[in-house]
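Okay, here's what each chain looks like letter by letter:
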Amino acid sequence: MPAFLIALSIIVSLSTLTCCSQETHFNNEEAMKSVDNYASNLPTDRRLNHNEAMGLAGDDFNYVYDINLEDIEYLTQRAQDPNEINAQYALATYETWHHNEPIIETKGYQTIFELAKLGQPHACADVYNWSKGNSDEFFKNILKIKKQEINKIRDTCLDKAFKYNANMVKLDYIEYFFTDYVKENNYSQLSPKRMKNADKVRIQRTKEFLLMYLFSRKNYFMNDVPNNNLANVDMISQYLQILAFDPYQFDSLEACSWLRYYDKDVLPYLTVHELPQSTRIPKELEFALPVLRQKLQNSQVDIKHCQTRYIEIRDTKRELDLFEKEFY
C-alpha cells in the first residue's frame, strides 16, 4: 500500500461510535469558538475516539478540494492535549497529505512513528505497511527514519494493530502473504516451492484472517447478479491454495468442507451466471485442487463432520462486518 494512501483504509468504518470514561482536561469554551456543527457535537468530557478524530481530518481526496479549516483548527487544539492520542494521529495523518509541503508531510509521518511506539493501533498498522510496501526513497526522502528503526517496533506493534484490526490491517496481512509466496509469473497462484519455506506463524495467521472474512465478506458481481450469500470467491481461492500447500499440516476437515462448498455452490453459481470468475477462479486453482483431492484420498475424513461444516459455511449469513474495533 503506497505511503501517501495510508489513510484511505482507515476513514470508512461501519462501527457505531460509543463512549468511554477516559477524561481529558480540555477547555470547552475556547475550543468551541468558530467551529462547524460536526465539531460542536463532539464530546469534550473524554478524548476523541478514532472515527471522531478522523472525521475532523477528512480524507486526502477532500484535502485537495474541500479543506475545512475550522475542523482542522479544532483538531489541532484537541491534539495539544497529551491524552488526545487519536486526535494526534488524525492531525498527523492530515499532515502526510501535504505532498507539496515536504516539511509538513515528513512531520506527519514522524509523528505517526512516535505514536506507534506508544502503541496507537492505527499508527502501528501504518508502520507495518511502511515496512512492507515502500521504497528506500520513501524512508530516505519522506519519512527520514531508517528502515531498521521501523523494523525494531513493527512486530510488537503489529499485535496491537491486530487487536483492533486498525486500518483493516488483517486484509493487508493477507495481501502481503500472497505477495511473498506467489509464483514469479502468476501473482494469483501460490508457489508450492516457496510455500515449503513459508513461516508457520504467517500461514496460521493468514488462514485465521481469511476465515474471518470468508464468514462475513460478500461478492459484488457484475451486471447486478445477486451475491447469493456466497463467501467471497477470491478469498475462497486463497484459502483453498493455502490448505493445499501448507507444509506443516493438512486440515482434512477444512479441505473436505470447503471443496464441497466450492464444487456444489460456488462454481455452479459463477458458471450459471456466466461471470468472469467462472473461468478465472478455476484457473487460479488448477494446481491446488488436484493436490487437495489427492490429499483427501490419502486421509481419513469424517464425512458427517465434513457435511456439518459445509452447511455452516453455506448457510452463515454474511453481513460484511468490517471487524474494526474502536480504540479510545
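What counts as what
- Residues numbered from 1 in each chain as written.
- Predicted model: local features only at pLDDT ≥ 70, side-chain atom pairs only at ≥ 80, totals over all residues.
- Heavy atoms only, no water.
- Helix = DSSP H or I, 4+ residues; strand = E, 2+ residues; numbered from the N terminus.
- Buried < 20%, exposed > 50% of the residue type's maximum accessible area, 1.4 Å probe, protein only.
- Lys, Arg positive; Asp, Glu negative; His and termini not counted.
- Salt bridge = Lys/Arg side-chain N within 4 Å of Asp/Glu carboxyl O.
- Polar contact = N/O pair within 3.5 Å; in protein donor to acceptor, adjacent residues only side chain to side chain.
- 1 Å grid on protein atoms, 1.4 Å probe; cavity = no way out; pocket = protein on both sides within 12 Å on 5 of 7 lines; lining within 4 Å.
- Points joined across faces, edges and corners; volume = space filled by probe spheres on them.
- Nonpolar A, V, L, I, M, F, W, Y, C, P; charged D, E, K, R; others polar.
- Phe/Tyr/Trp six-rings, centres within 6.5 Å; stacked < 30°, edge-to-face > 60°.

Chemist: Where do I start with the side chain of E326 in this structure?
Modeler: Mapping E326 onto the fold places it in the segment after α19 (303-315). R46 provides the closest opposite charge to the buried, salt-bridge-free E326, at an N-O distance of 8.0 Å. A polar side-chain atom of E326 sits 2.8 Å from a polar atom in the side chain of N51.

Chemist: For this particular structure, what's the right way to read the pattern of salt bridges?
Modeler: When their charged atoms lie close together, side chains carrying opposite charge are able to pair. For the structure on display, the rule yields 18 salt bridges. The network of salt bridges with common partners includes K132, D180 and R202.

Chemist: Hey, could you run me through the layout of surface pockets in this one?
Modeler: Unoccupied space between atoms shows up once a probe the size of one water molecule is rolled over them. In this model, the second largest pocket occupies a volume close to 180 Å³. What lines the second largest pocket is simply E175, F178, T179, V182, Y187, S188, D234, S237, Q238, Q241, R280 and E284. Secondary structure elements with two or more residues in the lining of the second largest pocket: α12 (169-181), β2 (186-190), α15 (233-245) and α17 (277-284). In terms of residue count, the dominant contributor to the lining of the second largest pocket is α15 (four residues). Of the residues in the lining of the second largest pocket, the class split is three nonpolar, five polar and four charged.

Chemist: Would you mind showing me how to read the packing of aromatic side chains here?
Modeler: The geometry of an aromatic ring pair is captured by two quantities: the separation of the ring centres and the angle between the planes. Scanning all chains against the criterion turns up 18 aromatic pairs. Between Y109 and F138, the aromatic rings sit 5.3 Å apart at their centres with planes inclined by 85 degrees, giving edge-to-face as the arrangement. Of the two residues, Y109 is situated in helix α8 (residues 102-117) and F138 in helix α10 (residues 136-143); the sequence distance between them amounts to 29 residues. Across the pair, F138 and Y109 agree in class, each one buried. Ring pairing ties together the aromatic residues Y128, F162, Y173, Y176 and F209, which thus form one cluster.

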